[in-house]
Amino acid sequence: AQSVSQHNHHVILSEAASLELGCNYSYGGTVNLFWYVQYPGQHLQLLLKYFSGDPLVKGIKGFEAEFIKSKFSFNLRKPSVQWSDTAEYFCAVNNNDMRFGAGTRLTVKP
Amino acid sequence: EAEVAQSPRYKITEKSQAVAFWCDPISGHATLYWYRQILGQGPELLVQFQDESVVDDSQLPKDRFSAERLKGVDSTLKIQPAELGDSAMYLCASSLGSTGATFGSGTRLTVV
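Structural notes, computed from the coordinates. Because the structure is a prediction, the values reported are computed rather than measured. (Residues numbered from 1 in each chain as written. Chains lettered and ligands numbered in written order. Predicted model: local features only at pLDDT ≥ 70, side-chain atom pairs only at ≥ 80, totals over all residues. Heavy atoms only, no water.)

## What about the overall build of chain B?
At step 1: In terms of regular secondary structure, chain B is built from zero helices and 11 strands.
At step 2: In terms of overall size, chain B behaves like a compact globule, its C-alpha atoms giving a radius of gyration of 13 Å where 112 residues would be expected to give roughly 13 Å.
At step 3: If you line up chain B on its principal axes, its C-alpha atoms span 35 × 25 × 25 Å.
At step 4: Every one of the 112 residues in chain B was classed for burial, and the buried ones make up 46%.
At step 5: Across chain B, every contact between residues at least 6 apart in sequence was considered, and the portion connecting residues at least 24 apart equals 51%.
At step 6: When the 10 positive and 14 negative side-chain charges of chain B are each reduced to one mean point, those points stand 6 Å apart. (Helix = DSSP H or I, 4+ residues; strand = E, 2+ residues; numbered from the N terminus. Rg over C-alpha atoms; globule rule 2.2 N^0.38 Å. Buried < 20%, exposed > 50% of the residue type's maximum accessible area, 1.4 Å probe, protein only. Contact = heavy atoms within 4.5 Å. Lys, Arg positive; Asp, Glu negative; His and termini not counted. Charge placed at Lys NZ, Arg CZ, Asp CG, Glu CD.)

Pasting the structure below:
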């Protein structure tokens, strides 16, 4: 069955630490890949997206993600997190319809 | 910046009652999605429209849920009868092709 997997349920980091959140998908063929963020009390917002071309994509707020086709992965990274990055992060895959992973809750300690 | 409008923001209903949610997508967005999000989980796709046509409703519990987008613009999601397990956030999103969906603020449903 087609699925989107996010390995980390809850990640706790201190400010200035580096972040990497894993995302794997099981869709075949061409897919469009996304990372969304949901800050406490707010709606889902698009962080970045990958359609084609350079597999390293840069998004808003210093986030980036790398598409590795051979590993069916699209991991999210940020070199130095801030307290304001505390949020829920969702990976999504669009292959005719858009499916989401279960999400990773990031807590950044000041 | 254009937004996806949803109403109501909050809804409390008794089980076995009917409830409806409304969504107005961004103008020109042909694709409209309804998702259900349970606290602590990712959004679960309920139904996807392309204009007025249903593209995917495989996850929609059709015995009690229905969705329509009659003129290919705004959309309504209905639950009848509501059950306790339907308590969740119901999200609407729209997109222009596969460019990434823009989400509304959602409707938080509580069934008592």
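Having put the structure on the table, let's press on.
## Points about the interface of chain A and chain B
At step 1: Across the contact, 18 residues belong to chain A and 20 residues belong to chain B.
At step 2: With both sides pooled, the region where chain A packs onto chain B buries about 1400 Å², and carbon together with sulfur makes up 50% of that total.
At step 3: Between the two partners, chain A and chain B, sit one salt bridge.
At step 4: Residues D56 of chain B and R99 of chain A are paired through a salt bridge, measuring 3.0 Å at the closest nitrogen-oxygen approach.
At step 5: Between the two partners, chain A and chain B, sit five residue pairs in polar contact (both at pLDDT 80 or more). (Buried area = accessible area lost by both parts, 1.4 Å probe. Salt bridge = Lys/Arg side-chain N within 4 Å of Asp/Glu carboxyl O. Polar contact = N/O pair within 3.5 Å; in protein donor to acceptor, adjacent residues only side chain to side chain.)

## Notes on the state of the cysteines
Residue and element names in this part refer to chain B.
At step 1: Inspection of every chain in the model, using the stated rule, returns two disulfides over all chains.
At step 2: With a sulfur-sulfur separation of 1.9 Å, C23 is cross-linked through a disulfide to C92. Across the S-S bond of C23 and C92 the torsion is about -70°, and the bridge reads as left-handed. On the criterion of sequence distance, the pair formed by C23 in strand 3 (residues 19–24) and C92 in strand 9 (residues 88–95) is long-range, its members being 69 residues apart.
At step 3: Given the relative accessible area of 0%, C23 is considered buried.
At step 4: Here C92 falls in the buried class, since its relative accessible area comes to 0%. (Disulfide = S-S within 2.5 Å.)

## A short note on the side chain of S75 of chain B
At step 1: In this fold, S75 of chain B is placed in strand 8 (residues 75–79).
At step 2: Here E68 of chain B takes part through its backbone oxygen, which lies 2.9 Å from a polar atom of the side chain of S75 of chain B.

## Thoughts on the nonpolar core
At step 1: In this structure, L33, W35, L47, L48, F74, L76 and Y89 of chain A are the most contacted members of the largest nonpolar core, which totals 29 residues.
At step 2: At four residues, the largest contribution of residues to this core is made by strand 10 (residues 87–94) of chain A.
At step 3: Setting aside residues no more than four positions away along its own chain, Y89 of chain A makes contact with Q6, L21, W35, Y36, V37, L47, F63, L76, G103, T104 and L106 of chain A.
At step 4: In terms of nonpolar packing, the next biggest core, distinct from the first, is built from 20 residues, L46, A88, C92 and L109 of chain B among them. (Core = buried A, V, L, I, M, F, W, Y, C linked by side-chain atoms within 4.5 Å.)

## Some thoughts on the environment of S26 of chain A
All names here are of chain A.
At step 1: Within the fold, S26 resides in the loop between strand 4 (24–25) and strand 5 (32–38).
At step 2: According to the relative accessible area criterion, S26 is partly exposed, its value standing at 38%.
At step 3: Within polar-contact distance, the side chain of S26 engages the backbone nitrogen of S3 at 2.7 Å.

Function cannot be inferred from these measures alone, as they are strictly geometric.
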